[in-house]
Amino acid sequence: MHRSILVGLAIAGLISGGCRGNESNSPKPDGRVLADGSGGTAGTIYEIMNGTVAEGSSVTLRDVVITAVDGYAQPGGYTGDVYVQEVKGGAQSAIKLYRAQRVDGGEISDLQPGDHVKVEGVIKYFAPKTGFNDAKHPKKVNIKELDQGCQITRLAGGTAPAPQSLTIKELTEDPTAETWEYVLVSVQNVGVTQPLDPKYGEYQVGGVLAVDDELCPSQAKLGDCLSITGISFPVFWLGILLQ
């Protein structure tokens, strides 16, 4: 989806199915202590996404799991973006690492879904200059991410978390939609209501949910019934990014 400012991927593709119809060792500002001497506030993604830890704060996420690594490298692409999620999952459990860098001697491209990592970075609230232009979600003012240059240390390999099974309504309507931002999700047995647009690599299911095939070529056709797993993102519209 080359017109989006947000690119990413998920860890599963499409499965045909029956269609059910459309739808440091010193105290930090918050009082916690980092036993490993890291320079940020110990925190969780939940605290970032619900605003408990504010924009501009330096944070250390001790052990989160990778759900997606963006390898999109065409001109203007966002190579190096990584999506991570709390091991327990759930709402407000995931965040994007914008143009992340590894500090353990490895390469971003070597990371795999399921890898456990430590992340250090600064919280940034981002909004496009033109706004989100989302009439259905007028209160949407920013997206939360860890800013460019956030640092990743791989801890161990592992199994990618199971996607959260949701309905199209839960992914596209307030108050639930924003809580699933960046989370690995799935929707089951949904009908393609707009076929693939080859220019933007995007199609629509359920009459409202955009699906992007940024890194996974798709031939979705009108009327197809699909089960889809991807990274949920409410940016210019609500949708799912596929691998």
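Please read these numbers as outputs of a predicted model, since none were measured by experiment.

We note that Tyr182 has phi near 75°; this positive angle belongs to a residue other than glycine. For Tyr182, the position within the fold is in the loop between α2 (168–172) and β11 (184–197). The backbone of Asn189 shows a phi angle near 50°, a positive value even though the residue is not glycine. Mapped onto the elements of the fold, Asn189 is located in strand β11.

Tallied over the full model, the rule gives four salt bridges. A salt bridge links Lys221 to Asp224; its shortest N-O distance comes to 3.9 Å.

This part covers the side chain of Thr172. With respect to the secondary-structure elements, Thr172 resides in helix α2. Accessibility expressed as a relative area gives 2% for Thr172, which makes it buried. There is a polar contact of 2.8 Å between the side chain of Thr172 and the backbone oxygen of Ile168.

Attention shifts here to the packing of aromatic side chains. The full count for this structure, using the stated rule, is one aromatic pair. Ring centres of Tyr83 and Tyr182 lie 5.8 Å apart, and the angle between their planes is 50°; this geometry places the pair in the tilted category. One end of the pair, Tyr83, is in strand β4 (residues 82–85); the other, Tyr182, is in the loop between α2 and β11, and 99 residues separate them in sequence. With relative accessibility at 0%, the residue Tyr182 sits in the buried group. The ring of Tyr125 is capped by Lys144, whose NZ or CZ atom sits 5.0 Å from the centre of that ring.

Rules and cut-offs
- Residues numbered from 1 in each chain as written.
- Predicted model: local features only at pLDDT ≥ 70, side-chain atom pairs only at ≥ 80, totals over all residues.
- Heavy atoms only, no water.
- Helix = DSSP H or I, 4+ residues; strand = E, 2+ residues; numbered from the N terminus.
- Salt bridge = Lys/Arg side-chain N within 4 Å of Asp/Glu carboxyl O.
- Buried < 20%, exposed > 50% of the residue type's maximum accessible area, 1.4 Å probe, protein only.
- Polar contact = N/O pair within 3.5 Å; in protein donor to acceptor, adjacent residues only side chain to side chain.
- Phe/Tyr/Trp six-rings, centres within 6.5 Å; stacked < 30°, edge-to-face > 60°.
- Lys NZ or Arg CZ within 6 Å of the ring centre and 35° of its normal.

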